[in-house]
Amino acid sequence: MSLPQGVSGLPLQALRVFDAAARHLNMARAAEELGVTQGAISRQVKSLEDQLAEPLFLRGPRGLKLTEAGDLLADYVRRGLEQLEAGLFRIGQPRSRTTLVVNAARTFAMRVLAPRIAGFTRAHPWIELRLETHRYFAQLHGADVDVAIRAGTGDWPGHVVRPLTREVLCPVCAPGYLPEGLPPAEAIAQATLLHYAERPHWRDWLLAAGLDPQLATPGPRFDETALALAAAEAGQGLAVGWGVLVADALAAGRLVRPFAETLDDGTGYHLVMTEMASRRSTVQAFGTWLQAALTPG
């Protein structure tokens, strides 16, 4: 059956008429089913045959018989209409929500995801998001987790890894915490340094800024970066944080950057998932939304 280039313009009504005529092999019964005249059925079928440049029925004294082309088309049209009817039926039915389990580092969840999560819910109301927070990397193979958000260099063998951000470290404090105009070394010597217990962020930043790492004097130590940043916002000292974790607070004026120097250590946040999970529509939707939410402008 050779179809013309204009086949995409075939009217749906003509295909419905053809389907009825093909099932009944009788124009009168097809007309009765569709509530139209027999002449209307004949005209629609003739118009369809003209567009396809193929006879669809053999007309004889004993009624209608499908041609080879008609028989082939009837099979595809019936299946297509059944799919369309099923789709229309499902649209009209209450749809169950699909759960998406996201495992994220606590600080990222608190300072980045939580303030934005309503945007995902509005865009995907049929996805029920369950956010789990842990300090350490979740084992995704065989676990009840769809996707994880982790900080690192992207080296997680056996997983699909999608970069989200490239981070730089920078000191931050509450507005007015430090006197203006002080050189960095003098300002740091006067400040209370707020430390993340698991990484020597202050020492690393001081080295990158060309300053004496001995300036990283002891101060309060926190097992979550979020706690150190909360203390800094409350005017309790100087903290070091990655850009994405302080961006909202900087924009809102809760934090300021007293020094221009930053440290790029090759670290960033990534979506991490199994190969199977990466093909799920819910995971793809979350990844696309999060990437857009983290893109400036």
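What this report covers is the structure whose coordinates are included nearby. What you see is a predicted model; the values in this text were computed from it and never measured. (Residues numbered from 1 in each chain as written. Predicted model: local features only at pLDDT ≥ 70, side-chain atom pairs only at ≥ 80, totals over all residues. Heavy atoms only, no water.)

Glancing now at the overall build of the protein. Helix and strand counts for the protein come out as 12 helices and 11 strands. A buried classification covers 39% of the 297 residues belonging to the protein. For the protein, restricting intrachain contacts to residue pairs at least 6 apart in sequence, the fraction spanning at least 24 positions comes to 74%. Just so you have it, the protein exposes about 16,200 Å², and 53% of that area is on carbon and sulfur atoms. (Helix = DSSP H or I, 4+ residues; strand = E, 2+ residues; numbered from the N terminus. Buried < 20%, exposed > 50% of the residue type's maximum accessible area, 1.4 Å probe, protein only. Contact = heavy atoms within 4.5 Å. Areas by Shrake-Rupley, 256 points an atom, 1.4 Å probe, with all protein chains shown as cover.)

Considering all chains together, one arrives at 8 aromatic pairs under this definition. Judged by centre distance (5.9 Å) and plane angle (90°), the ring pair of tryptophan 202 and tryptophan 205 falls under edge-to-face. Here tryptophan 202 pairs with tryptophan 205, and both are found in helix α8 (residues 201-208), just 3 residues apart, close to one helical turn. As far as the burial class goes, tryptophan 202 and tryptophan 205 line up, both buried. Over the aromatic face of tyrosine 76 sits the side chain of arginine 79, whose NZ or CZ is 4.7 Å from the ring centroid. (Phe/Tyr/Trp six-rings, centres within 6.5 Å; stacked < 30°, edge-to-face > 60°. Lys NZ or Arg CZ within 6 Å of the ring centre and 35° of its normal.)

Formed by 53 residues in total, the largest nonpolar core has its most connected members in Phe108, Ile149, Ile188, Leu238, Phe286 and Leu290. No other element matches helix α12 (residues 281-293), which puts 5 residues into this core. Discounting residues that sit within four places of it in the chain, phenylalanine 286 has contacts with Leu100, Val102, Leu113, Phe120, Leu129, Val147, Ile149 and Leu271. If you look at the next biggest cluster of nonpolar residues, it comprises 22 residues, including Leu10, Phe18, Ala31 and Leu52. (Core = buried A, V, L, I, M, F, W, Y, C linked by side-chain atoms within 4.5 Å.)

A separate point is the sheet that holds strand β3 (residues 98-104). Read across the open sheet, the 5 strands follow the order β4-β3-β5-β11-β6; overall the sheet is mixed. At either end of the open sheet lies a strand with only one pairing partner, and these are β4 (127-133) and β6 (160-163). Mean inter-strand twist for the sheet, computed between neighbouring axes without regard to direction, equals 25°. The strands touched by helix α5 (residues 106-113) within the sheet are β3, β4, β5 (147-152) and β11 (268-273), with β4 carrying the most contacts at an inclination of about 135°. The sheet strands contacting α12 are β3, β4, β5, β6 and β11, and the helix crosses β3 at an angle near 50°. (Pairing = 2+ DSSP bridges. Axes fitted to C-alpha atoms, helices over the stretch in contact; angles between N-to-C directions.)

Time to look at the side chain of threonine 225. Checked against the element boundaries, threonine 225 lands in helix α9 (residues 225-233). Look at threonine 225 and you get buried, because its relative accessible area is 11%. Beyond its immediate stretch of four places on either side in the chain, threonine 225 contacts Thr107, Tyr196, Val240 and Leu245.

Further remarks concern α8. Of the residues making up α8, those classed as buried are His201, Trp202, Trp205 and Leu206. End-on, the buried residues of α8 take up no more than an arc of 130°, which puts them together on one face. Summarising the contacts, the buried residues of α8 are in contact with β7 (169-172), α7 (184-190), β8 (195-196) and β10 (239-242). Trailing α8 by a residue or two, glycine 210 shows a phi angle of about 75°, which is positive. (Arc of directions from axis to C-beta.)

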